[in-house]
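Now for the letters of each chain:
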Amino acid sequence: MLGLEILANDENSKARAGIFRTEHGEVHTPVFMPVGTQGSVKAVNQDYLKNHLDTKIVLSNTYHLYLRPGTEVLEKAGGLHRFMNWDRSILTDSGGFQIFSLAYLRQFKKDGVEFKSHLDGSKHFFTPQKVIEIQRIIGSDILMVLDECTPYPCDYEYAQKAVQLTSDWAIRSKEAFVGSSSKYGYDQNLFGIIQGSTYKDLRENSANEILKLDFDGYAIGGLAVGEPADTMYELVDFTTDFMPESKPRYLMGVGRPENLLEAIERGIDMFDCVMPTRNARNAYLFTQSGVLSMRNARYKDDFNPVDECCKCYTCKNYTRSYIRHLFIAKEILALELASIHNLYFYLNLIQTARQKIFDGNFSDWKSKIINKLSVNQNNLEA
């Protein structure tokens, strides 16, 4: 069992710092997981992720890996760790959110979900059991159950049915997990997902049902899908009250830097989001003073680093002027340098938050920094 050792708690909030261990290493919490959807964090190689950014865990996606390269290739390779040459931890999303995103290509049924591949239109059918089987072949350290992610806005009846379906699928996922074994000689762990849209009573009901199944960790799903940030914070604060202290709490698909800090304050341990790398590829770079749009002409003759407070490879070696030039010239190096910077920014922000929890001044630090982080975010892509 994964477990979570709590090493420090913030006196003025639910924030906590801890550690859990998979058979591929220790993961310090709070933690941000770079997204390597298809077995690759876009524009950043594994050596840099490990040896320069010191990334402890990455996220990959069951739906995408199932379609390409496929389970046959992954099993022949000995699992995703060997396939991508990554000897640290991996969490795999079940693919539920990706299928949810294919609204016009999928149909939910009681025993699973039918969908058409976004690649070639071929038909496929995911059951909770099949998703566990695929993740056994992938060999991830943390598996996620198949769930139904509701849109926003969502009427009560729809959300209620999604909660029931998610609970039913969670039971079948747990049975499939217990009834199978790892293919590659190391333990795997299974997380349950709490749904309920924006309805507190449904969130409470979902939490109670999912907790009965005694998963290795618990995720809050169905948020960051268009609801106001304050609504998300309120629901996170409400839901973490029902989640056990001794197991990791994961807020799926979140988010902007200030979202992470607000969620840490409300008791969340784990995060993932494409925001740092996706926005890097679109020339939006995060800094301590807000977001910079590197295609802006104001940086043409600016020979300062992207962020003078940053110690990443990009900021130590290159200027705003050079980064702008690379984007204007459409050089591939622009994507790499920008992605390195944004990932460093996110990972460093979370590491700093963790240290502030140990120091006993997380809340004070968070209140001072959070307004600066949200400057110039209007054009960011979620």
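Quick look at the structure, then. Remember, it's a predicted structure, so these values are computed and weren't measured experimentally. (Residues numbered from 1 in each chain as written. Predicted model: local features only at pLDDT ≥ 70, side-chain atom pairs only at ≥ 80, totals over all residues. Heavy atoms only, no water.)

**So, the packing of helix H10 (residues 257-265) against helix H14 (residues 332-359)**
Interaxial distance between H10 and H14 falls to 11 Å at its minimum, and their mutual angle equals 25 degrees. As far as their axial angle goes, H14 and H10 are roughly parallel. By crossing handedness, the relation of H10 to H14 is classed as right-handed. Note on element contacts: H14 touches H10 through Phe345, Tyr346, Leu349, Ile350, Ala353 and Ile357, opposite Pro257, Leu260, Leu261 and Ile264. (Axes fitted to C-alpha atoms, helices over the stretch in contact; angles between N-to-C directions. Helix = DSSP H or I, 4+ residues; strand = E, 2+ residues; numbered from the N terminus. Parallel < 35°, antiparallel > 145°, perpendicular 65-115°, else oblique. Left-handed = near helix turned anticlockwise from the far one by under 90°. Contact = heavy atoms within 4.5 Å.)

**As for the state of the cysteines**
Using the criterion set out here, one finds zero disulfides in the structure. The thiol of Cys154 is unpaired, and the distance to the nearest cysteine sulfur, on Cys149, comes to 9.6 Å. Left unpaired, Cys309 is separated from the closest cysteine sulfur, that of Cys310, by 8.7 Å. Residue Cys309 is classed as exposed on the basis of its relative accessible area of 61%. (Disulfide = S-S within 2.5 Å. Buried < 20%, exposed > 50% of the residue type's maximum accessible area, 1.4 Å probe, protein only.)

**Quick notes on the environment of Met84**
With respect to the helices and strands, the residue Met84 is situated in helix H4 (residues 80-84). The exposure class of Met84 is buried, given its relative accessible area of 7%. Put simply, Met84 and Asn45 are 39 residues apart on the chain and 9.8 Å apart in space, counted from C-alpha to C-alpha. Sequence-distant contacts of Met84, that is, excluding residues within four places in its chain, are made with Gly39, Gln46 and Ile90.

**So, the pairing of strand E9 (residues 123-126)**
The two faces of E9 differ: His124 and Phe126 on one face are buried, but Lys123 and Phe125 on the other face are not. Two successive antiparallel strands, strand E8 (residues 112-116) and E9, enclose a turn made up of six residues, where Gly121 displays a positive phi of approximately 80 degrees. (Pairing = 2+ DSSP bridges.)

**Comments concerning H10**
Counting buried positions along H10 yields nine of nine residues, so the element is predominantly enclosed. Listed in full, the buried residues belonging to H10 are Pro257, Glu258, Asn259, Leu260, Leu261, Glu262, Ala263, Ile264 and Glu265. Gly267 lies just past H10 and shows a positive phi near 100 degrees.

**Considering the packing of aromatic side chains**
Evaluation of the coordinates by the stated rule reveals 15 aromatic pairs. With a centroid separation of 5.1 Å and an interplanar angle of 65 degrees, the aromatic rings of Phe238 and Phe242 are classed as edge-to-face. Measuring from ring centre to ring centre gives 5.3 Å for Phe286 and Tyr346, while their planes differ by 75 degrees; the resulting arrangement is edge-to-face. Taken together, the positions of Phe286 in strand E15 (residues 284-287) and Tyr346 in helix H14 put the pair 60 residues apart, joining distant regions of the chain. An identical accessibility class is assigned to Phe286 and Tyr346; each is buried. In this arrangement the basic side chain of Lys174 is found over the ring face of Phe215, its NZ or CZ atom lying 5.5 Å from the centre. (Phe/Tyr/Trp six-rings, centres within 6.5 Å; stacked < 30°, edge-to-face > 60°. Lys NZ or Arg CZ within 6 Å of the ring centre and 35° of its normal.)

**Comments concerning the pattern of salt bridges**
With the rule as written, the count across this model stands at 22 salt bridges. One salt bridge connects Glu262 with Lys366, and the closest N-O pair in it is separated by 2.9 Å. One end of the pair, Glu262, is in helix H10; the other, Lys366, is in helix H15 (residues 362-373), and 104 residues separate them in sequence. (Salt bridge = Lys/Arg side-chain N within 4 Å of Asp/Glu carboxyl O.)

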